[in-house]
Structure formats: C-alpha cells, structure tokens
Amino acid sequence: MSRQYRVAVVGATGAVGHEMRSILAERGFPVSELLPLASRRSAGIELEFGKECVECRELTPDSFAGVDIALFSAGASISREYAPIARDAGCVVVDNSSAWRVEPNVPLIVPEVNPHDADTHQGIIANPNCSTIQMVVALKPLHDAARIRRVVVSTYQAVSGTGAKAVTELIRQSDEILEGTPPLIEIYPHQIAFNCLPQIDAFLDDGSTKEEYKMVEETKKIMGDDSIAVTATCVRVPVYNGHSESVNLEFERDLSPERARDLLSAARGIVVSDDPDSLIYPMPIVASGTDPVYVGRIRRDSTVAHGLNLWIVADNLRKGAALNAVQIAELLVERDLVSVPG
Ligand code: NAP
Ligand code: 3JN
C-alpha cells in the first residue's frame, strides 16, 4: 500500500482551514489521520473531514509530534511562532501566511509555475498571496513565450479574502442600507456594501499597501525573474467570493492575442473564457467554488510596442489559498519530499 500521512491543519475552523479540509478530502489526499488545530476557543468542537467528524484540538508546541505535513492558515504571527516548532518536530510545513514568503531559504510555490523550487525546501514552504497566485498562473506561459517586461495590475478582491466575518458584514450592511438604516462598520475602515475600497491591508511609507507590496515581491520570486517590473493597485469590492484582476502586460517580443489565447488554453490550471461576441468572459460568480484560473478579455494594448490586456478571475479561497496549499502537499508526495533535511 502506498504511504499515508498524518496531516495537521492549523486554523482548521477558519475560512481557509474549512476549504483545506474539504479539498484534502475531495482530492483523496493520502491522509492516515487528520489533526485539526485552532485556538483554545475551538478545542473539542467537531469538524467535518469528508464523511467523518474529527475533534478540533488546541494548538500548542506539542501539537506536531508524529505529524508529517502541517498546512498553516491561522495568520502570520501564529506561523512565525509555530512553523519552526513544527519543522523541528520533523513535520513539513506549508504556510498560507505572509510570514515566510520573502525569506530567501523558503520556497514560494505555485505548482503550475515553479514546482522545482520545492526540491530544496528546508522544512517550510510558503503559499503565496491569493492575488499573486491567480496572476502568475496566467503570466507563466506568456512569459516563457515572449518575456514579460512590465505588469500593471488592478485587483477587485472579494470580501471572503478577509474571512467569514467580512462576508457577514457585507450581507448585514446591504440589508441595513436597503432598509434605510445607517450601516454598522466593524471589519473594514469604511462601508463595503455598494462601495469599493482602494485599501487592502496597511499602508506603507511609499503610499502603497502591504497587499500591493506582496504582489510585487512575490511575483518576482515565483517567476524567478527580478527584472519583471510589477505595479499593483489592490481594491476590495462588494463581491462575496472570487478575486478579479485587470492585467496590462508589456513584452520584450511580439505576442498576438491569438497566440496568447492558444498558450493559455494549453496551460495547466487555466480555462480561457473569452468570447466577447457571445458576452463570455470570466466572472467571480462563475469562478467561485471551482478550481481553475479563468482568463478572458485577451486583447492587444496598442499604446505600447508589445502589449496585451487580460482579465483574470479565480476562487481566492480555493486556488488563491487552500487548493494551492494542498497542491503543494501533493507535489511533496509525488517528489518524495515529505521529510525535513537534518
Ligand atoms: P479566519 O476565518 O479568521 O480563521 C482564522 C483561523 O485561525 C481560525 O481557525 C482560528 O481559530 C485560528 N486561530 C486564531 N488565533 C489562533 C491561535 N491563537 N491559535 C491557534 N489558532 C488560531 O481567517 P482566514 O480567512 O481563514 O485566514 C487565515 C489566515 O490564512 C490569514 O490570516 C492569512 O495569513 C491566510 N490567508 C491567506 C490567503 C492567501 O492569500 N493565500 C488568503 C486568506 C487567508 P479559532 O476559530 O479557534 O479562533
Ligand atoms: O485580503 C485578501 O483578499 C487576501 C488576504 C490575505 C491575508 C489576510 C490576512 C493576513 C494575508 C495574506 O495571505 O497575505 C495575511 C498575511 O498572512 O499577511
């Protein structure tokens, strides 16, 4: 019988943790035992794993004895503290937070783009930010064909990226406004219902936000090319689930929209949805709950020598977080990399 693994999910009760449990079960990941971990508040509650229910336990420094793989999604401070503890206990960590993404010795992996970077892992592997993941899946085949020089991206990010409480806030504020009551603002700095917020995460000294910084730095690291210029504007929109992106690309060499369409159609993990005559293009209500990265509105930008515009949509909780993390775990299994170098 092929090897089975003891898998811990840290943050198992959260929005991403919920998707991780579902996706591990859906994809038949070889789990001998699932260990859901969360805060003390959740200890003892029963969580679904496929057709079973498994008891959630409190995360402590002793949680990782005998665990082979730990998928972390409890935030960056928990990852900073507990990922090294898990690694030192002999467990390979796939971390969903920003805690380790730009560390030089930590591979930052999107399996469709840079699977080989996982070969040299030292016990911690980082999963990129959701907005970065869906963009690089689409950029990779185009970069290989014509070398991308510059990326200008604007995101339209769903509230599920902020967690379950933000989805509740969008629903509640929408009801309040439609009933003529002033909306209660708890999660975001301003009303999100019937509005757009050009701020995701905190502002940095240069006027950009941390989310925008993540997109710039993570894209270069995953693509393995520091020469790609990336500039981002990240915007929260009143959509439940599914991030959208308007992406403008400048290439070194010419790449026609037709050739780009062919390259994207042949690439793993991508569905081209691009038939303007029939009003077909990617939309979050279609992408939500599904695995692919959808690309459409593929057209020339004739204001530069070799330019293309794209519209990219994916489920931010699945490909943007939990699915990509599980695919990294699958990659580790396929390449016999489920061990921490001594
Ligand atoms: P969420 O719904 O708020 O869930 C947070 C999870 O962390 C819950 O399971 C919570 O457990 C657990 N937790 C909180 N404090 C803890 C503690 N002291 N010890 C152990 N567990 C603790 O948030 P989410 O939307 O799932 O996001 C979780 C994290 O995933 C984010 O902070 C981020 O780092 C990462 N994330 C990444 C992406 C991406 O772009 N790849 C997207 C979204 C999120 P309780 O239920 O017990 O409180
Ligand atoms: O806002 C979104 O749409 C994605 C959110 C990601 C996120 C939320 C809280 C903390 C992250 C992340 O993955 O970059 C983090 C973090 O770990 O810094």
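The text that follows walks through the structure, step by step, so that each part is easy to find. Nothing here was measured: the structure is a model prediction, and the numbers come from that model.

The rules behind these values
Residues numbered from 1 in each chain as written. Chains lettered and ligands numbered in written order. Predicted model: local features only at pLDDT ≥ 70, side-chain atom pairs only at ≥ 80, totals over all residues. Heavy atoms only, no water. Patch = residues over 30% accessible without salt bridge, like charges linked within 9 Å, V, L, I, M, F, W, Y side chains within 5 Å. Areas by Shrake-Rupley, 256 points an atom, 1.4 Å probe, with all protein chains shown as cover. Salt bridge = Lys/Arg side-chain N within 4 Å of Asp/Glu carboxyl O. Helix = DSSP H or I, 4+ residues; strand = E, 2+ residues; numbered from the N terminus. Buried < 20%, exposed > 50% of the residue type's maximum accessible area, 1.4 Å probe, protein only. Contact = heavy atoms within 4.5 Å. Core = buried A, V, L, I, M, F, W, Y, C linked by side-chain atoms within 4.5 Å. Near = heavy atom within 4 Å. Polar contact = N/O pair within 3.5 Å; in protein donor to acceptor, adjacent residues only side chain to side chain. Nonpolar A, V, L, I, M, F, W, Y, C, P; charged D, E, K, R; others polar. Pairing = 2+ DSSP bridges. Axes fitted to C-alpha atoms, helices over the stretch in contact; angles between N-to-C directions.

**Description of a nonpolar patch on the surface**
Right, on to step 1. A cluster of nonpolar side chains, Leu279, Tyr281, Met283, Ile285 and Val286, forms an exposed patch at the surface whose accessible area comes to about 510 Å².
Right, on to step 2. Its place among the elements puts Leu279 in the loop between strand E12 (270-272) and helix H7 (284-287).
Right, on to step 3. Assessed through its relative accessible area of 62%, Leu279 is described here as exposed.

**Considering the environment of Val93**
Right, on to step 1. With respect to the helices and strands, Val93 occurs in strand E7 (residues 92-95).
Right, on to step 2. For Val93, a relative accessible area of 0% corresponds to the buried category.
Right, on to step 3. When the C-alpha positions of Val93 and His121 are compared, they lie 9.9 Å apart, and in sequence the two are 28 residues distant.
Right, on to step 4. In contact with Val93, not counting residues within four places along its chain, are Ala70, Phe72, Ala83, Ala86, Arg87, Gly123, Ile124 and Ile125.

**Focus: the nonpolar core**
Right, on to step 1. Counting residues in each nonpolar core, the largest one holds 58 residues, and the members touching the most others are Phe64, Leu142, Val151, Val247, Leu249 and Val295.
Right, on to step 2. The leading source of residues in this core is helix H3 (residues 130-146), at eight residues.
Right, on to step 3. Those residues within four positions of Val151 in sequence are excluded, and the remaining contacts are Met135, Leu139, Ile228, Ala229, Val230, Thr231, Val247, Asn248 and Leu249.
Right, on to step 4. Core analysis: the next-biggest nonpolar cluster, separate from the first, contains 35 residues, Val54, Leu317, Ala322 and Val338 among them.

**A look at the site of ligand 2**
Right, on to step 1. Around ligand 2, the structure places 13 residues, and the nearest of them are Ser98, Arg101, Lys214, Arg236 and His243.
Right, on to step 2. One nitrogen or oxygen atom from the side chain of Ser98 is found 2.5 Å from an oxygen atom belonging to ligand 2.
Right, on to step 3. Side-chain polar atom of Arg236 to an oxygen atom of ligand 2: 2.6 Å apart, as the coordinates give it.
Right, on to step 4. In terms of residue class, the shell around ligand 2 is built from two nonpolar, seven polar and four charged.

**With respect to the sheet that holds E7**
Right, on to step 1. An order of E5-E2-E1-E6-E7-E8 is seen for the six strands of this open sheet, with the pairing classed as parallel. If you trace the sheet from one side to the other, it starts and ends with strand E5 (57-58) and strand E8 (124-126), each paired once.
Right, on to step 2. Alignment of strand E6 (residues 69-72) against E7, held across four bridges, turns out to be parallel. Across the sheet, residue Ala70 finds its bridge partner in E7, namely Val93.
Right, on to step 3. This element, helix H2 (residues 76-88), spans strand E1 (5-10), E6, E7 and E8 of the sheet and lies at about 175° to E6.

**Concerning the site of ligand 1**
Right, on to step 1. Close to ligand 1 lie 26 residues; Thr13, Ser39, Arg41, Ser42 and Cys130 are nearest.
Right, on to step 2. Taking Pro128, its main chain carries an N or O atom lying 3.0 Å from a nitrogen atom of ligand 1.
Right, on to step 3. Burial of ligand 1 by the protein chains amounts to 74% of its free accessible area of 920 Å².
Right, on to step 4. Secondary-structure elements contributing two or more residues to the shell around ligand 1 are helix H1 (15-26) and helix H8 (318-334).
Right, on to step 5. Residues belonging to the shell around ligand 1 are distributed by class as follows: ten nonpolar, 14 polar and two charged.

**With respect to the sheet that holds strand E10 (residues 229-236)**
Right, on to step 1. Pairing is mixed across the open sheet formed by six strands, whose spatial order is E10-E9-E11-E14-E13-E12. For this open sheet the edge positions go to E10 and E12, each flanked by a neighbour on one side alone. Sheet twist, expressed as the mean angle between neighbouring strand axes with direction ignored, is 20°.
Right, on to step 2. Here strand E11 (residues 243-251) runs beside strand E14 (residues 307-314); their pairing, made up of eight bridges, is antiparallel. Pairing of Leu249 across the sheet is with Leu308, part of E14.
Right, on to step 3. Against the sheet, H3 makes contact with strand E9 (148-157), E11, E12, strand E13 (293-300) and E14, and its axis sits at roughly 25° relative to E11, the strand it touches most.
Right, on to step 4. Each of E9, E10 and E11 touches helix H5 (residues 210-223); the most contacted strand, E10, lies at about 145° to it.

**Here's the deal with the side chain of Ser208**
Right, on to step 1. Within the secondary structure, Ser208 is located in the loop between helix H4 (164-178) and H5.
Right, on to step 2. The exposure class assigned to Ser208 is buried, which follows from its relative accessible area of 17%.
Right, on to step 3. One polar contact links Ser208 to Asp206, side chain to side chain, over a distance of 2.6 Å.
Right, on to step 4. Each residue touching Ser208, except ones within four places of it in the same chain, is listed here: Ala202 and Phe203.

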